[in-house]
Every structure is written in C-alpha cells, then in structure tokens.
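So the chains spell out like this:
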Amino acid sequence: MNAHTSPRRRRRLVGSAALATAGVLVALSVPSAALAAEGDTTIDILDVNDFHGRIESEGTAADKAAGAAKLAGVVQSYREANPNTIFASVGDNVGASTFTSLIQQDAPTIDALNAMHLDVSAIGNHELDKGQSDLTGRIEDRADWPYLSANIVDEGTTTPAFEPYRVIEKGGVRVGFIGATTEDLIPGLVSPGGVEGLAMAPIVSQVNRYAEQLTDGKTENDEADVLVLLVHEGATTSAIADATGTGAFGKITSGVSSRVSAIVSAHTHATYNHSIAGPDGTKRPVIQTGSYGVNYGHLRLTVGADKKLTGITSEVKSINAETRVPADQTSVDAVTGIVTAAKAVADVKGGEKLGEITGDLRRAVQSDRTTENRGGESALGNYIAEVQRAATERNGSQVAFMNPGGLRTDMLYASSGAGDPDGTVTYKEAALVQPFANTLVTEDMTGAQIKAALEQQWQPDGLERPFLKLGVSNGFAYTYDPSKGRGERITAMTLDGEPIALTDVLKVTVNSFLSTGGDNFAAFATGANKADSGQVDLQAQVDYFTTTPKVTPPTDQRAVGVTVTPTPEGGFRPGDEVSVRLSSLVFSSDDPAKAGTVSIAAGDGEPLATDDVDPTVIDKTDEQGTATLTFRVPGATTNPVAAAARAFATTTLAAAVTPAATTDEPLVVSLPNGQTITLAVTIPVAAVVDPTDPTDPGTPGAGTPGSGGGTGGSTGVDTDGDGVVDGSVPANAGGALAYTGADIAAPAIAAGVLLLAGLVALVLVRRNRARRDAAVPTD
C-alpha cells in the first residue's frame, strides 16, 4: 500500500477486507443464479459518475436525475440477485451540488452513499474544490469508502499522494480498482492554493505501473485477478472517434495496459458504451454514464475457476427506467430519510427571498442554444463580477473578474413554483449559481498583468475548452483582435472610459479559485498586496440584493472583437477601401432574431456602411455576433491624374497639390443595443471651415491633432520619418498604449476602448500626414 495512507485509511482497508470475506462466505454457501457455468463466478459492477449531490429526484423521465433513493433501490436489487456485486463511483460525488446538498456542505450526499454501501471511488476534481485537507479531513472522515488516484502525486515525485488502488474480493475473485484523475486538475480545475505540494503524473504510465504490480505475482496480498480502471477523465461526446483519437482520452484508451479489462470514465458528463482495443488488440468496455445519477453503468464479469476472466459485458442504463424493485427496502428507506431531512433544512433556508430581477441572467450557450458555453461572454458572468467588485469596494476594488466554470446554473426570471413569483430570486436560486463557497480576494495588478490575464482566456493548446471567457465588472471594457497570435490579441482596455496603461495599477477582485491561478489564469497569481476579504461569494450575492433589491440584467458587450484593414503608408485617403470586421456583438443566449444591424460612421456623421449582425454561434468561443463593415473613404475619384498625384504626393508632384480643407475623424461603430465603439482609426473628411477660425486645420500649429499645440495626445515631431512622433507621450501616460478618446457606451454604463501598439500607427501616421500636408507650398 501507499506509504502516505493515513492510519484511518489503513483501518478502513482492514474493515473492507473483512466485509469482502463475509461476502465470499455468503457466495459460497448460497447458490446464485449469477453463476454462468460450473466453477465460474459472475461479478456485477455498478457505477455512477459525476453525481454532484443530486440526491433529490428531478422527475421520472428516463433522462432526469432519479435521485439517491431510486439509485439505492437499483444497487440493492443487484445485490439481492448476486451477492458478488460491487458499487463504484468515478468521482465528483460532491461539489457543484444542488441546493439541498450544498447548504449542508454535501453531508447528505455522503451519508446517502454510505447508506448505499458505496465500495470505492476515484477522486474527481470537485473532491478537491476546497483543497486536499478538506478531502482528507471532512470528506474522507465522513465517507465509508476509499478514494483512489494513482496519478495525483507528491510534487517532484511519482509517489501517489492518495491510495492508488483498492482490491475488493467477491466470490473468491479479487477485483482490483485503480483510480486516476484528469491531468488537467493541477493547474486549472482546482485552486492551486489548496493543492500545494501536489502534482499530476501521466495517467497512462501511473495506471500501467500499478496494473503490472497487481498482476505480476510478486505481491500476494495485493494481487488481483481482474483489473478495472476508474478514471475521472473521458471523451467529450458519445462518438467513438472522441474516445479513440489523439486527444487526452484517446491516449488513455489506447495506452492503458491490456491487463486492465475495463475502463470506467467520468468528468465530461458524456454517455457512451464502447468496445475499444487496448495495446495488445484485445477489445474491452469503455463506458461513462453521463452525470447527476441519470444513468448507471453495469459491467458483468465472468471469471473461471482458474481465476481468469472468460467474459465481460457492459451496458449503460437509465435509473428511472429500471424496473428492478428490491425485496429488502432497508437501504432505500435509510436514503429516503436522509434526503427528506436534508430537504427540510434546505426548504427553510432556500425559500428566503433575496431580491428581484427584471429579466433572465443567463450563461452563454453553444450553437444548439441550450448547452453551456464557457467560451462566450454572458450577462450572468458580468453581473456576478460586478457583485463581487461591489462587495469589495470598501477594500478599494476597481475591477472584478469571474471565471465561467464557477457559474453552475442560470438565474431565471420565471417562477420556479408556488411561493416564488416571477422575478423573485431566492437564497436557493442564488446558491445554485455559485455553489463552491469561494472567498473574495483583492490584489493590486498592473495593466500588463490584467492584459496577461485576458490573454489567458485563450487556454493552453490541447484542452477540451480552448477558450474561457471571464465575466468583467461594470465600467471595464476591452477589445481584441481574433486574427492575432497568442499573447497579442488584447488590443484595448479602459475603465470608466479612461485608458488603462500597462504601468497603471488597479485594485482587482477575483475569487479564491482564480487568485491562485485556477483555470490556467496564472496572471491572477502574480498580483501584489493580496488580501482575502473573508467574504464568501454567495454572501456577496446576498448583500448585493440588500443594497440593490431589483436588478436589471446588463446588456452591454464588455469585449468586442475588432479587425481593421491595415493602414496604408501615409494614412487613409479618399477612395481607400476600409474594412472593419467585428465579432462578439451579441450574447449567445439572446434571441437570434433580434440581432439587429451595426453601422459605422466618421465621427458623428452619417453612416458609411451598415451590416446585419450574424448571430451564429461558433462553439467554445466568443465569436457570436459578427459583422463586416466595408466602405470607401469619402471623396473617392477614379481620375488617373488625381491617383498619380496621390501616388507621388511625397515627391515633386506634391508641390502642385493643394490639399482640401479636411478634418480627421475617428471611426465610430454603433451596435444594435445602443453601444458605440470609437476606434483609434481615423479617415479624412471634408470640413466646412470658418476662414476666421484659428483652429482651421490648414493652419500649422493652430491646435490640430499632431501639431503640438492641440489635444492630439502627444507632442514633438517625427524626425526620422518612421511615422512615430519622437519624444511623444500618448495621452494614457506610459507609452505602451495609444488612446484616442475611444469608448464603449451603454445605458447606465460607459467604458472606453484603448488600442494597443498594433494600432498605434493608425493614429500617428494620421498626425504625421497632417503636418506634411500643412507644409506643402501653396504658391
């Protein structure tokens, strides 16, 4: 056994062995219909995965969570038919639970599984929501089953930090269960601060190590006749291609030793029952039951008198559709009592009204308009971020960010039943949105660190969720260019309409999960002056409704994708074609029929182009709501002489050209919801100028942008002809970002857009051209 096994864990192992021996005696003394042939032993293995505290029934349909009592009846019915039955879980028994279990820290779920006599479980990521001490203390102290993981190891070693396997004897057959946990666990799925000293080893090599150890004949006490892998990792869909490809799970199914006779998986909440060949070509069952106790998995093993596996079958079945009824209702009654008591506690606390909402606060959705999309901007994510900023405002917080994985359900306007009028938000409804009880942490972050965090929304290569969209609080906005590469996509950041320089320092609020780099947002672990406010996220929600009894869902887009035609040398001129491609213009959860149109204008002028917004959702991203605005700069001409004059404007021909009175106007995009985005891109527009006006753009030094005497945001001259005003200081002070008064505005919310170095030239070449034009002789 693992040297890190606690004394209590060792005592539990002895107790389990004693129970297994008792099972053997029963199997030997009682004839069983489960025996396939003379001398054979049949073993039934039942499993669930990702139960997530769904102890209450959610209905009787085959696709609904059946509840703990119904599950208990299924397990008991198998045990009555075959004493050689093992009940296993593949992790995430607790965490992200419904309110009935959540409000008592999942104690009712653990008690219910105890009453069902759960034999063994893999460690899921949610078992570590509150850190390793919570798992080894509170959870394991209450649970009567062992938790297994062969690949959560002590940092810097390949030594498992938990029990890697457990051998359970039934009918004289020793079944070895090896546990494993998704390699994405650290870093990413749990708060790094809660798993200090732990690391993830490769699943395949660790499982193969113990598969050999358990079958090499060298360790009699730990020897197993049959091996089953309980792995908290899985295929993303029911398609066999997703379980056999080159992805994380495909590597497991193809790489785990053929000594393992079945792979029981979890984590992705998919449902499948595959037969997939292992390394030696022998096919074996690979199954997952979905989640929430909707289904159960069933492996039937037939083992000969020589203790060799002679047959194995697999199935995934709906719990609600199961017609088995146990003769002995003891465990069912016990579980029913646990659920009833838990519901009574939850009903009292959960029925309390917190406040009201005037419309739905939803998460983003995938293209099916139903499935959650953690890659899309959502009204709920932005709202929760604002709740958390407000909760820490007295600590100086200016901006807050919320990870999408922390939002577990929507907050809906419609009544949930009697006693819950439309628009009412109860304690239970709020709690189900954020079930993890994270505390709120404040820290000082520079603009560069905030930009880095936003860049990390594009997750490391190879992950199932390639993009995770952060919710952001009121007043903060940014633009990004989806055509750019890693680390270069964020092109703008502002707070309350003011640009954020890379050297600026802001007080930022994140939950304790993000503060230590959770979900691969390592930048949040780099802030200075970190302070845990001690406020739990759910309590922040309760307090927010106290000060804001009626909440209106935010409608503004706080992140917009912008890709602009590269600026020609010398700046845009009349006749030039300009294209602005926009994305992330609508929330994916909004009605696509109401996507509307978007337009672009020069300053406050008439629209130069319009386009209907395409609300098509691209799964796993934030690119829904796209439009392309293409136009020619006003004053276009096809006269070849004029074209030649432009081409040689910087040569002797330039002396013969007298520039028309123009003013450089920024491009302003108007969104369907009333927001406007002022880009740091300008075009020349013919101006009506009062000849006596000292600000005539044709008058050098009269205050025009770039003249050094106005409000262009910089001073100095371009001495080397590179289009950059030497010695200039952009208006945002710091030099790394250029700002042109750009903003995003929405009802009750104003937030600016600041373009980074990639678009600096679009501003500065315009200023350079103004000086050049002013210097042309007029004869």
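Treat the numbers as computed from the prediction; the structure is a model and nothing was measured. (Residues numbered from 1 in each chain as written. Predicted model: local features only at pLDDT ≥ 70, side-chain atom pairs only at ≥ 80, totals over all residues. Heavy atoms only, no water.)

Caption draft 1: Region of interest: the overall build of the chain. Of the regular secondary structure elements, the chain holds 17 helices and 34 strands. For the chain, long-range pairs separated by at least 24 residues make up 72% of all intrachain contacts whose partners lie at least 6 apart in sequence. Looking at the chain as shown, the accessible area adds up to about 30800 Å², and 53% of this sits on carbon and sulfur atoms. (Helix = DSSP H or I, 4+ residues; strand = E, 2+ residues; numbered from the N terminus. Contact = heavy atoms within 4.5 Å. Areas by Shrake-Rupley, 256 points an atom, 1.4 Å probe, with all protein chains shown as cover.)

Caption draft 2: Geometry of empty space enclosed by the protein. According to the stated counting rule, one finds two cavities of 30 Å³ or more in the structure shown. Approximately 110 Å³ is the volume found for the largest cavity. Looking at the largest cavity, it is lined by 17 residues, and the ones nearest its centre are Gly-376, Ser-378, Pro-404, Leu-407 and Lys-469. Among the residues making up the lining of the largest cavity, the classes are represented as five nonpolar, seven polar and five charged. (1 Å grid on protein atoms, 1.4 Å probe; cavity = no way out; pocket = protein on both sides within 12 Å on 5 of 7 lines; lining within 4 Å. Points joined across faces, edges and corners; volume = space filled by probe spheres on them. Nonpolar A, V, L, I, M, F, W, Y, C, P; charged D, E, K, R; others polar.)

Caption draft 3: Just the sheet that holds strand β21 (residues 490-495), in detail. Judged by pairing direction, the sheet is mixed, and its six strands sit side by side in the order β22-β21-β20-β26-β27-β30 without closing on themselves. The open sheet is flanked by β22 (498-499) and β30 (627-632), the only strands paired with a single partner. On the sheet, helix α13 (residues 447-455) packs against β20 (476-480) and β21 and is oriented at approximately 125 degrees with respect to β21. (Pairing = 2+ DSSP bridges. Axes fitted to C-alpha atoms, helices over the stretch in contact; angles between N-to-C directions.)

Caption draft 4: Summary view of the sheet that holds strand β13 (residues 295-303). The six strands are arranged β4-β3-β2-β1-β13-β14 in an open sheet whose pairing can be described as mixed. Each end of this open sheet is capped by a strand with a single partner; those strands are β4 (147-148) and β14 (309-318). As paired elements, strand β3 (residues 120-122) and β4 share two bridges and run parallel to each other. Within β4, the residue paired with Ala-122 across the bridge is Leu-148.

Caption draft 5: Fine view of the environment of Glu-488. Among the secondary structure elements, Glu-488 is positioned in the loop between β20 and β21. Classification of Glu-488 by relative accessible area gives exposed; the value is 53%. (Buried < 20%, exposed > 50% of the residue type's maximum accessible area, 1.4 Å probe, protein only.)

Caption draft 6: Molecular detail of the packing of aromatic side chains. A complete count under the given rule lists 12 aromatic pairs for this structure. Between Phe-401 and Phe-524, the aromatic rings sit 5.5 Å apart at their centres with planes inclined by 45 degrees, giving tilted as the arrangement. Placement of the pair is Phe-401 in strand β16 (residues 399-402) and Phe-524 in the loop between α14 (512-515) and β24 (528-536), with a sequence separation of 123 residues. Relative accessible area serves as the criterion here: at 1%, Phe-524 is assigned to the buried category. Geometrically, the ring pair formed by Trp-458 and Tyr-480 is edge-to-face, given 5.8 Å between the ring centres and 65 degrees between the ring planes. Of this pair, Trp-458 sits in the loop between α13 and β19 (471-472) while Tyr-480 sits in strand β20; the two residues are 22 residues apart in sequence, bridging distant segments of the chain. A cation over an aromatic ring shows up here: Arg-54 above the ring of Tyr-292, its NZ or CZ 3.8 Å from the ring centre. Sitting above the plane of the Tyr-78 ring, Arg-324 keeps its charged end 3.8 Å from the centroid. (Phe/Tyr/Trp six-rings, centres within 6.5 Å; stacked < 30°, edge-to-face > 60°. Lys NZ or Arg CZ within 6 Å of the ring centre and 35° of its normal.)

Caption draft 7: Highlighting the pairing of strand β32 (residues 676-686). Most of β32 sits inside the fold, with eight of its 11 residues counted as buried. Bridge analysis of strand β31 (residues 662-670) against β32 gives eight bridges, and the strand direction is antiparallel. Within the sheet, the bridge partner assigned to Thr-663 lies in β32 and is Val-685.

Caption draft 8: Fine view of the packing of helix α11 (residues 379-391) against helix α15 (residues 537-547). Two numbers describe how α11 lies on α15: the axes approach to 9 Å, and their chain directions differ by 85 degrees. In terms of orientation, α11 lies roughly perpendicular with respect to α15. Packed against α11, whose contacting residues are Tyr-383, Ile-384, Glu-386, Val-387, Gln-388, Ala-390 and Ala-391, the element α15 presents Asp-537, Ala-540, Gln-541, Tyr-544 and Phe-545 at the interface. (Parallel < 35°, antiparallel > 145°, perpendicular 65-115°, else oblique.)

Caption draft 9: The environment of Ile-450, seen in detail. As for its placement among the helices and strands, Ile-450 is situated in helix α13. Between the alpha carbons of Ile-450 and Ile-500 there is a distance of 9.6 Å; along the sequence they are 50 residues apart. Apart from the residues lying within four places of it in its own chain, the contact partners of Ile-450 are Phe-401, Met-445, Phe-476, Met-493, Leu-506 and Val-508.

Caption draft 10: The arrangement of the pairing of strand β27 (residues 577-583) in detail. With four bridges joining them, strand β26 (residues 559-564) and β27 adopt antiparallel strand pairing. Each bridged residue has a counterpart across the sheet, and for Thr-563 the counterpart in β27 is Arg-581. In this structure, β27 lies alongside β30, joined through six bridges in antiparallel fashion. Counterpart to Arg-581 in the pairing with β30 is Thr-628.

Caption draft 11: Focus on unusual backbone geometry. Backbone geometry places Asp-50, a non-glycine residue, at a positive phi of 50 degrees. As for its placement among the helices and strands, Asp-50 is situated in the loop between β1 (41-48) and α2 (68-81). Judged by its relative accessible area of 0%, Asp-50 is buried. The phi dihedral of Asn-529 falls on the positive side, at around 55 degrees, and the residue is not glycine. Judged by relative accessible area, Asn-529 falls into the exposed class, the value being 56%.

Caption draft 12: Here's a closer look at the pattern of salt bridges. Enumeration according to the criterion identifies 25 salt bridges in this entry. Among the ionic pairs, Arg-300 bridges to Asp-44, the shortest N-O distance being 2.7 Å. Of the two residues, Arg-300 sits in strand β13 while Asp-44 sits in strand β1, which places them 256 residues apart along the sequence. Assessed through its relative accessible area of 33%, Arg-300 is described here as partly exposed. For Asp-111, the salt bridge identified is with Arg-142, shortest N-O distance 2.8 Å. One end of the pair, Asp-111, is in helix α4 (residues 107-115); the other, Arg-142, is in helix α5 (residues 132-142), with 31 residues separating them in the sequence. Assessed through its relative accessible area of 23%, Asp-111 is described here as partly exposed. (Salt bridge = Lys/Arg side-chain N within 4 Å of Asp/Glu carboxyl O.)

Caption draft 13: Broad picture of α11. Compared with an ideal rise of 1.5 Å per residue, which puts 13 residues at 18 Å, α11 spans 18 Å between its outermost C-alpha atoms and is within 8% of the ideal. Of all 13 residues in α11, 12 are buried, a share of seventy percent or more. Taken together, the buried positions of α11 are Ala-379, Leu-380, Gly-381, Asn-382, Tyr-383, Ile-384, Ala-385, Glu-386, Val-387, Gln-388, Arg-389 and Ala-391. (Expected span 1.5 Å × (residues − 1).)

Caption draft 14: Molecular detail of the environment of Gln-288. Along the polypeptide, Gln-288 turns up in strand β12 (residues 283-289). Put simply, Gln-288 and His-267 are 21 residues apart on the chain and 9.0 Å apart in space, counted from C-alpha to C-alpha. Engagement of the side chain of Gln-288 in a polar contact is seen with the backbone nitrogen of His-269, the distance being 3.0 Å. There is a polar contact of 3.4 Å between the side chain of Gln-288 and the backbone nitrogen of Ala-270. (Polar contact = N/O pair within 3.5 Å; in protein donor to acceptor, adjacent residues only side chain to side chain.)

Caption draft 15: Focus on the nonpolar core. One finds Ala-68, Leu-71, Phe-87, Met-116, Leu-128, Ile-152 and Val-335 to be the most contacted residues of the largest nonpolar core, which totals 41 residues. Elements with a minimum of two residues in this core: β1, α2, α4, α5, α6 (185-189), β8 (198-200) and α10 (330-350). Ranked by residue count, the leading element in this core is α2, at six residues. Excluding residues within four positions of it along the chain, Met-116 makes contact with Ala-68, Leu-71, Ala-72, Val-75, Arg-79, Phe-87 and Val-335. (Core = buried A, V, L, I, M, F, W, Y, C linked by side-chain atoms within 4.5 Å.)

Caption draft 16: Looking closely at the confidence of the model for the chain. When pLDDT is averaged across the chain, the result is 82; 80% of the residues are at 70 or more. Confidence over residues 638-659 falls short of pLDDT 50; this stretch has 18 contacts with residues more than four positions distant or in other chains. (pLDDT = per-residue confidence, 0-100.)

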